[in-house]
Amino acid sequence: MDNWNVLAAQTSSSAIGRDGINLASKEHLTIEKLPDKVLLHIFSYLSHREICRLARICRRWRQIAYDTRLWKNVSLRPEVSGLHVGSLESLLALISVRFGPTLRYIELPIELITHTVLHELSAKCPNLTHMLLDFSTAMQLHDFSEMQAFPTKLRYMCICLSEVIFMEGFMRKIYNFINGLEVLHLIGTYEKCEEEEEEIYEVINVHKLKSATPNLRVINLYGINFIDDSHIDAFSSNCIQLECLAVNFCNKVTGSTLKTLIQRSKRLNCLLMNGTSLKSDYVMQVEWDKCALQELDITATDLSTECLIDLLTKIPNLKFLSAGQINGFNDSVLKQWMESGLTRSLISLDLDSSDNISDEALQKFLTRHGGQLVACCLSGMPHITDQLWMSILPVLGNAKIIVMGTAEKLGVNIHVDQLMDTIASNCGNLERLELRWDPDNLRFSDKSQKAIDLLRVKCLKLRCMVLSDGRYYETVKANFERADRVTVVRTTTCCRVSPYHLLRNYNELIFN
């Protein structure tokens, strides 16, 4: 409490008016003098764990900490920075007393997903619109045979699936309550998979689920090992308002139903298929020239050069393209795409690890279109060094996201001081920057502080700068910390910059 207590009055001796009168009050201003509404606003910036600790300070702070306005968005998954609730009885009390009508979003782990909890949420939290149910660690489900109620105003639902637990017993009970859903996330176990092949179970019946959710606008099927083209076809047959479909890391998706999807879903403007098993023949059957698609991710697919040319020279208003890690993406694709004139709408380009594109072709493309790009990600290519970046950065005046460099050790050095100076001079709108070069390849002088100062002062909107851990990272981090911008500089170990921030439905695609 000592740090909270004294907020001012340290400079009272210097606060002298023209008549020699001390203008500062002799009385110390303490946090206890702040009105409740100001304290409530301060508390709103804290996590629920911190709020619970502050509730122990005094009766007044306890009363403010338990104000329902601070409990609109609640995570009860301690492994994802949420609160730990020791028993069902404690949770039922919290729902009744602390959450109530103000609760909008809740995350529940498997041990708290019971019919009594869901009944209570339905009865006491009428404005609940967002729910995450985490079954990923489940070995068995609770008994839902007596479940008669479920929140009815849900617009967003995220279900983290288990590898072995069949969900039909639970899903059958909620189908009648979720027809208002607009955003659906089904999260698989892709990140937990081992290399050894195991038997795959279809743990949730997608064909029944699509019949219960006709109003879906955004569907995210992430890393689910049983999802295939028939499931995409099922959703497209019933969800006429579909705007965004993401099937990232669903490796059974080949694209055989893409033609039907594009024909049915006239509003579809975002299609994310990173890490899928797309077949060029299926992709070339689609009438891309008749689609409304504006955002496309085909990263780490095995599409041929012919297929990429056919695809990119037909989509009329493509704004966002992620097409990294594709051997077929070469100079010929870039050239024919430019000649088609369909690059005029492009604002985001990610060509990570596209080793078959020459630096000459990239320079020509970016010289022509760099001025319109808001995101430019050319990482993972050893032949793209600081020399190319120095020549194209003056064109990237509108860029908010830039990713450059490769983790591979290079035979040449990167003169990072000149690079920082060029970025600072030309990219005043920059918000996110990542340099992936190995620390041993970065060359900087004792006067590098001047270049870092220039970047910090000129790029005031910079929210995230990611560097490989090393001496230069420590130098940049210390510089920003001295200017009280402590959260800007991060390492590639725990952070990556992505152009996904520019997706129209980005906020609705976030999960976990």
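Residue positions are given per chain, counted from 1 along the sequence in the order it is written. Totals for whole chains, interfaces and linings use every residue, but because this is a predicted model, local features are given only for residues with pLDDT of at least 70 and side-chain atom pairs only at 80 or more, for both listing and counting. Side-chain metrics rest on all non-hydrogen atoms present in the structure, leaving aside hydrogens and water.

For this analysis, a ring pair means two rings from Phe, Tyr or Trp (six-membered ring only for Trp) whose centres lie within 6.5 Å, classed as stacked if their planes differ by under 30 degrees, edge-to-face if by over 60, and tilted for the remaining angles. Evaluated as defined, the whole model comprises 13 aromatic pairs. Between Phe150 and Phe177, the aromatic rings sit 6.4 Å apart at their centres with planes inclined by 45 degrees, giving tilted as the arrangement. With Phe150 in the loop between strand S3 (130-134) and strand S4 (156-160) and Phe177 in the loop between helix H7 (168-174) and strand S5 (183-187), this residue pair connects regions lying 27 residues apart in the sequence. Residue exposure (1.4 Å probe, protein chains only): buried if accessible area is under 20% of the type maximum, exposed if over 50%, otherwise partly exposed. Its relative accessible area of 0% is what places Phe150 among the buried residues. Here the aromatic rings of Tyr222 and Phe249 are separated by 5.5 Å at their centres, their planes lie at 75 degrees, and the arrangement is edge-to-face. One end of the pair, Tyr222, is in strand S6 (residues 218-222); the other, Phe249, is in the loop between strand S7 (244-246) and helix H10 (258-264), and 27 residues separate them in sequence. Under the relative-accessibility criterion, Tyr222 is labelled buried at 14%. Of the aromatic side chains, those joined through ring pairs into one cluster are Phe135, Phe144, Phe150, Phe170 and Phe177. We call a charge positioned over a ring when the NZ of a Lys or the CZ of an Arg lies within 6 Å of the ring centre and within 35 degrees of the ring normal. Across the ring face of Tyr66, the terminal group of Arg98 is positioned such that the distance to the ring centre comes to 3.8 Å. By the criteria applied, helices consist of DSSP H or I runs no shorter than four residues and strands consist of E runs no shorter than two, each listed in order from the N terminus.

Looking now at the confidence of the model for the protein chain. On a scale of 0 to 100, pLDDT captures the predictor's confidence in every residue. Residues at a pLDDT of 70 or more form 93% of the protein chain, whose mean pLDDT is 89. Every residue pair with non-hydrogen atoms within 4.5 Å of one another is taken to be in contact. Low pLDDT, under 50, characterises residues 1-26; the stretch is placed with 28 contacts to residues that sit more than four places away or in other chains.

It is worth spelling out the nonpolar core at this point. The nonpolar side chains of a soluble globular protein tend to be buried with one another. By nonpolar core we mean a set of buried residues, namely Ala, Val, Leu, Ile, Met, Phe, Trp, Tyr and Cys, connected to one another through side-chain atoms within 4.5 Å. Counting residues in each nonpolar core, the largest one holds 149 residues, and the members touching the most others are Leu108, Leu121, Phe170, Phe329 and Trp389. Lining this core are residues from two domains, each supplying at least three of them: domain 1 (32-70) and domain 2 (347-511). Excluding residues within four positions of it along the chain, Phe329 makes contact with Leu308, Leu312, Leu321, Ala323, Leu334, Leu351, Asn356 and Ile357. Tyr105, Cys158, Cys160 and Leu503 belong to the second-largest nonpolar core, a separate cluster that totals 17 residues. The domain limits used here are those given by an automatic or database domain assignment.

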